[in-house]
Amino acid sequence: MEKPGNIERAYELACEQYESVGVDVEHAIDRMRTVEISVHCWQGDDVSGFEGDDGALGNGLAVTGNYPGRARTPGELRSDLELAYSLIPGKHRLNLHALYGEFNGPVDRDAIEVEHFQGWIDWARQQGISLDFNPSYFSHPKASDGFTLAHADPGIRRFWIDHGIACRKIAAAMGQAQGNPCINNFWVPDGFKDTPASRKAPRERLAASLDAIFAEDLPRDQTLDAVECKLFGIGSESYVVGSHEFYMGYAISRNKVLCLDAGHFHPTEVISDKISSVLMYVPELLLHVSRGVRWDSDHVVTFGDELQAIMQEIVRGDYLQRVHIGLDFFDASINRVAAWAIGTRNALKAMLAALLEPTEKLQQLEDSGDLTARLAIMEEQKTMPLGAVWNHYCQTVGAPVGAEWLEKVRQYESNVLSLRSNSSEFV
Ligand code: RNT
Ligand code: ZN
C-alpha cells in the first residue's frame, strides 16, 4: 500500500512535470469532479433482473461464467452497488433496466409503473445519485422469435409499444425526483439469423413503433430518449433492424439522443472516430463504453487504446456537456463487484488522462502544420505521471488508492458473496 506522504510527494512532482508542458493539473481535477459515469446495474446479476421467472437470457445477449455471488434480490444488488461506488472516486449514476423493478407478483412489461421503481428512486436519493433507465426488449416470451417493435404481428408490436410508453413515464418520474434528466435508452434486438426477404418492412415497422412510443412530448429536463444501434448479434447475424444508419437517421430526424456502444460495430471500427461526426447532427450522445473481444462480447473495460481515444475525443471536442457516458459490460467469470470497480475506475482514469493532455497546444501545432511536434508530444504524453495524479485524486475524494480496493472486495466476498447460493446457470 502507498504511504499517504508518498502520494502527495509524487503528486507535487507530477504537477511540476505537467506544468512544464503547459497543463494545469488542478484545473483538470476540477473538471474531473464534474464527470458522472452511468454505472450499469446489470453487471451485478448477469442481466437477470427481478421478474421472478429466472428465465434464460435471450435475444443475442450472452453472459458467460459462473463465479459465485450473483445478486438475486434488489437488496443484494443495492448492497453490491454500494460497495462498488465506495471503490470508485466521485459521484456516479445508476443505469437501471426495466426488468429490475420490484414486482410483488407477476406484472407484465406493458403494465410496469413508477411504483415498481419507487424503491430504487428512494435508494438513489438516499445515496445522492441519479438514475438512468432502459426498457427491456429481451428475455420475454413475446421476444422469443427475435422480434419486438418490428414484429410482423401488430399485437406483439402493440405490447412492446406499451412497454416503451410505460418506461418513458417511469424515466420521467425518475428525472423529476432527481432534478436532472433520466436518459432512457432504447435497444431492441430485432433481427434475422439468415438473409431477409425484406430488409425494408421491419425497418418501416420499427420507425412507426418508435414514433408511437415517442408521440407524447415529455419534458426534456426530466427524461431524454436515446436509441442504440447494433451491427449484429448472436441469432441476428444477417440483419439487425436497428442498424447504425437506421438510428442515425432516426435520431437526427426526431431530435433524439444517439447511443453508440463500443461493441456494436465491425471489429476494426471504433466509436471514438464517430463522436465528432454524429455530434454535428444529433443534440447529445449516450455512450455504452464496453469492450468487444473479436465480437460484441461485453468484456470488462480495460485501460486500452480505444477507451483512451473515446475520452480524448470527448475532451478534445469540448463535448463533456453533450456526451453521457454509460458502461455496458457483463462478466460472470470474475467477482462482479470487482468488475464494476475495474471498468469504472478505468473509464475515469482514461478521462483524467484526457483532461491532462495539452489539448490546445496539440491543436495549435496541428493548425500550424507541425505534425512532427504533434506526434512527438502525443507520444511523450503517454509516459507522463498519470498514476500520481490519479492516486492523489482518489485520495482527496476518499476513494481507495491503487489496488487497495481489491482487499475490500475480498472481505465482502468472504463475508457476503460466498454465502449466496450459486444460482447462475450460465457456464
Ligand atoms: C445489447 C446492447 C444493450 C444491452 C443492455 C443490457 O447488445 O448493448 O445495451 O447490453 O441494454
Ligand atoms: Zn449497449
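Keep in mind that this is a model prediction, so the values were computed, not measured. (Residues numbered from 1 in each chain as written. Chains lettered and ligands numbered in written order. Predicted model: local features only at pLDDT ≥ 70, side-chain atom pairs only at ≥ 80, totals over all residues. Heavy atoms only, no water.)

**Q** Mind laying out the site of ligand 1, listing which residues take part and the relevant values?
**A** Taken together, Trp-42, Leu-61, His-97, Trp-187, Glu-228, Lys-230, Asp-261, His-264, His-288, Asp-296, Asp-328 and Phe-330 make up the full set of residues adjacent to ligand 1. Contact distances for ligand 1 include 2.8 Å between an oxygen atom and a side-chain N or O atom of Glu-228. Within the side chain of Asp-328, an N or O atom sits 2.8 Å from an oxygen atom of ligand 1. Relative to its free-state accessible area of 310 Å², ligand 1 is covered by the protein chains to the extent of 99%. Judged by the proximity of its atoms to the pocket grid, ligand 1 belongs to the largest cavity. Counted by class, the shell around ligand 1 contains four nonpolar, three polar and five charged residues. (Near = heavy atom within 4 Å. Polar contact = N/O pair within 3.5 Å; in protein donor to acceptor, adjacent residues only side chain to side chain. Areas by Shrake-Rupley, 256 points an atom, 1.4 Å probe, with all protein chains shown as cover. 1 Å grid on protein atoms, 1.4 Å probe; cavity = no way out; pocket = protein on both sides within 12 Å on 5 of 7 lines; lining within 4 Å. Sits in = over half its atoms within 2 Å of the grid points. Nonpolar A, V, L, I, M, F, W, Y, C, P; charged D, E, K, R; others polar.)

**Q** Describe the confidence of the model for the protein, listing the residues and the values that go with them.
**A** For the protein, mean pLDDT is 96; residues scoring 70 or higher make up 98% of the total. The low-confidence segment residues 423-427 (pLDDT under 50) makes 17 contacts with residues lying over four places distant or belonging to another chain. (pLDDT = per-residue confidence, 0-100. Contact = heavy atoms within 4.5 Å.)

**Q** Lay out the pattern of salt bridges in plain terms, naming residues and giving numbers.
**A** Tallied over the entire structure, the rule returns 17 salt bridges. Among the ionic pairs, Glu-102 bridges to Arg-78, the shortest N-O distance being 2.5 Å. Here the residue Glu-102 occupies a position in the loop between β2 (93-97) and α4 (118-127), and Arg-78 occupies one in helix α3 (residues 74-86), the gap between them amounting to 24 residues. Overall, the relative accessible area of 28% leaves Glu-102 in the partly exposed class. (Salt bridge = Lys/Arg side-chain N within 4 Å of Asp/Glu carboxyl O. Helix = DSSP H or I, 4+ residues; strand = E, 2+ residues; numbered from the N terminus. Buried < 20%, exposed > 50% of the residue type's maximum accessible area, 1.4 Å probe, protein only.)

**Q** I'd like to hear about the pairing of β2, residue by residue, with values.
**A** Most of β2 sits inside the fold, with five of its five residues counted as buried. A two-sided burial pattern is seen for β2, the buried positions comprising Arg-93, Asn-95 and His-97 on one face and Leu-94 and Leu-96 on the other. Relative to β2, strand β1 (residues 37-40) runs parallel, the two being bridged by three bridges. Following the sheet pairing, Ser-38 is matched in β2 by Arg-93. Relative to strand β3 (residues 131-134), β2 runs parallel, the two sharing four bridges. Bridge assignment links Leu-94 to a residue of β3, and that residue is Leu-131. The parallel pair β2 and β3, bridged by α4, forms a crossover whose chirality is right-handed. (Pairing = 2+ DSSP bridges. Right-handed = clockwise from strand over helix to strand, strands pointing away.)

**Q** Report on a negative patch on the surface, specifying residues and quantitative values.
**A** A cluster of acidic residues, Glu-12, Glu-16, Glu-19, Asp-24, Glu-26 and Asp-30, forms a negative patch at the surface. It is helix α1 (residues 4-20) that provides the largest number of residues to the negative patch, a total of three residues. Within the element layout of this structure, Glu-16 appears in helix α1. The class for Glu-16 is exposed, based on a relative accessible area of 54%. (Patch = residues over 30% accessible without salt bridge, like charges linked within 9 Å, V, L, I, M, F, W, Y side chains within 5 Å. Lys, Arg positive; Asp, Glu negative; His and termini not counted. Charge placed at Lys NZ, Arg CZ, Asp CG, Glu CD.)

**Q** Requested: an account of the coordination of the zinc ion (ligand 2), with residues and values cited.
**A** Around the zinc ion (ligand 2), the protein supplies Glu-228 (OE), Asp-261 (OD), His-288 (ND1) and Asp-328 (OD) as donor atoms, at distances of 2.1 to 2.2 Å. One can describe the donor arrangement at the zinc ion (ligand 2) as octahedral, given that its six donor atoms subtend angles of 71 to 168 degrees at the metal. Sequence spacing among the residues donating to the zinc ion (ligand 2) works out to E-x32-D-x26-H-x39-D. Of this pair, Asp-261 sits in strand β8 (residues 257-261) while His-288 sits in strand β9 (residues 285-289), and the two are 27 residues apart along the sequence. The class of Asp-261 is buried, set by a relative accessible area of 0%. (Donors = N, O, S within 2.8 Å, 3.2 Å for Na, K, Ca; no water. Tetrahedral: all angles 85-135°; square planar, octahedral: opposite > 155°, others 65-115°.)

**Q** I'd like a description of the pairing of strand β11 (residues 295-299), backed by residues and values.
**A** Direction of pairing for strand β10 (residues 291-293) relative to β11: antiparallel, over a ladder of two bridges. Note that in β11 the partner of Val-293 across the bridge is Trp-295. Between β10 and β11, which pair antiparallel in sequence order, lie one residue; one of them, Arg-294, sits at a positive phi of approximately 70 degrees.

**Q** Give a detailed account of empty space enclosed by the protein, specifying residues and quantitative values.
**A** According to the stated counting rule, one finds five cavities of 30 Å³ or more in the structure shown. Its volume calculated, the largest cavity comes out at about 150 Å³. Along the wall of the largest cavity there are 17 residues; nearest its centre are Leu-61, His-97, Trp-187, Glu-228 and Asp-328. Considering only residue class, the lining of the largest cavity consists of six nonpolar, five polar and six charged. (Points joined across faces, edges and corners; volume = space filled by probe spheres on them.)

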